[in-house]
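Close look at the chain arrangement
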Amino acid sequence: MLRLFYLGVFGLVGIYSRYFLDHFLQGSYGQPHYLSTMIVNLLGSFLVGIVFVFSVERLMLSQDFRIAIIVGLLGGFTTFSAFSLDAMRLINAQRVGMLMTYVGVSVFGGILCCFLGMILTKRILAL
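So, a few notes on the structure that sits alongside this text. The structure displayed is predicted, hence computed values, not measured ones. (Residues numbered from 1 in each chain as written. Predicted model: local features only at pLDDT ≥ 70, side-chain atom pairs only at ≥ 80, totals over all residues. Heavy atoms only, no water.)

1. Let's talk about the packing of helix α2 (residues 33-57) against helix α5 (residues 96-126)
Viewed as axis vectors pointing N to C, α2 and α5 meet at an angle of 30 degrees, and their least axial separation amounts to 7 Å. In terms of axis orientation, α2 runs roughly parallel to α5. Crossing of α2 against α5: the hand is right-handed. Residue composition of the contact of α2 with α5, by class: 18 nonpolar, eight polar and two charged. (Axes fitted to C-alpha atoms, helices over the stretch in contact; angles between N-to-C directions. Helix = DSSP H or I, 4+ residues; strand = E, 2+ residues; numbered from the N terminus. Parallel < 35°, antiparallel > 145°, perpendicular 65-115°, else oblique. Left-handed = near helix turned anticlockwise from the far one by under 90°. Nonpolar A, V, L, I, M, F, W, Y, C, P; charged D, E, K, R; others polar.)

2. Remarks on the nonpolar core
Counting nine residues, the largest nonpolar core is built from Tyr-34, Met-38, Leu-42, Phe-83, Ala-87, Leu-90, Leu-99, Tyr-102 and Cys-113. Going through the elements one at a time, α2, α4 (80-92) and α5 are the ones with two or more residues in this core. Excluding its chain neighbours within four sequence positions, the residues that come into contact with Cys-113 are Leu-42, Ser-45 and Phe-46. (Core = buried A, V, L, I, M, F, W, Y, C linked by side-chain atoms within 4.5 Å. Buried < 20%, exposed > 50% of the residue type's maximum accessible area, 1.4 Å probe, protein only. Contact = heavy atoms within 4.5 Å.)

3. Some details on the packing of aromatic side chains
Taken as a whole and judged by the stated rule, the model has eight aromatic pairs. Each ring, one from Phe-5 and one from Tyr-6, has its centre 6.2 Å from the other, and the planes form 50 degrees; the classification is tilted. Classification of Phe-5 by relative accessible area gives exposed; the value is 53%. When the centroid spacing of 5.2 Å and the interplanar angle of 35 degrees are considered together, the rings of Phe-83 and Tyr-102 count as tilted. A residue pair is termed long-range when its members are at least 10 positions apart, and Phe-83 in helix α4 and Tyr-102 in helix α5 qualify at 19 residues. The pair formed by Phe-83 and Tyr-102 is uniform in burial state, with each residue classed as buried. Connected via pairs of aromatic rings, a cluster forms that spans Phe-5, Tyr-6, Phe-10 and Phe-65. (Phe/Tyr/Trp six-rings, centres within 6.5 Å; stacked < 30°, edge-to-face > 60°.)

Here it is as structure tokens:
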């Protein structure tokens, strides 16, 4: 039961974090929606790499907190549905070059960010 509570609380934090970061990036910097989605997803990928090392490889977080952070916080923060919608908007606008860049950077950049988060965390923990 405590796991569900953590999941809900962390999920709300993730959702609101996503909303406010989107608002900040679009309002303060005038970034198109797809760029803020990409930034959020890359950041989330980096953070999931960190959480993975702490929780699975080093066993420094309980399973409840691992689930709350990965599924709740980062699941609420990042979103594949927004990525898909933004890709469709670029297709509809016939912005093929930007679409390819967006998809490539989002997918491969996300994997790279996850890897970098894992490597950085391992190095910091080794100090």
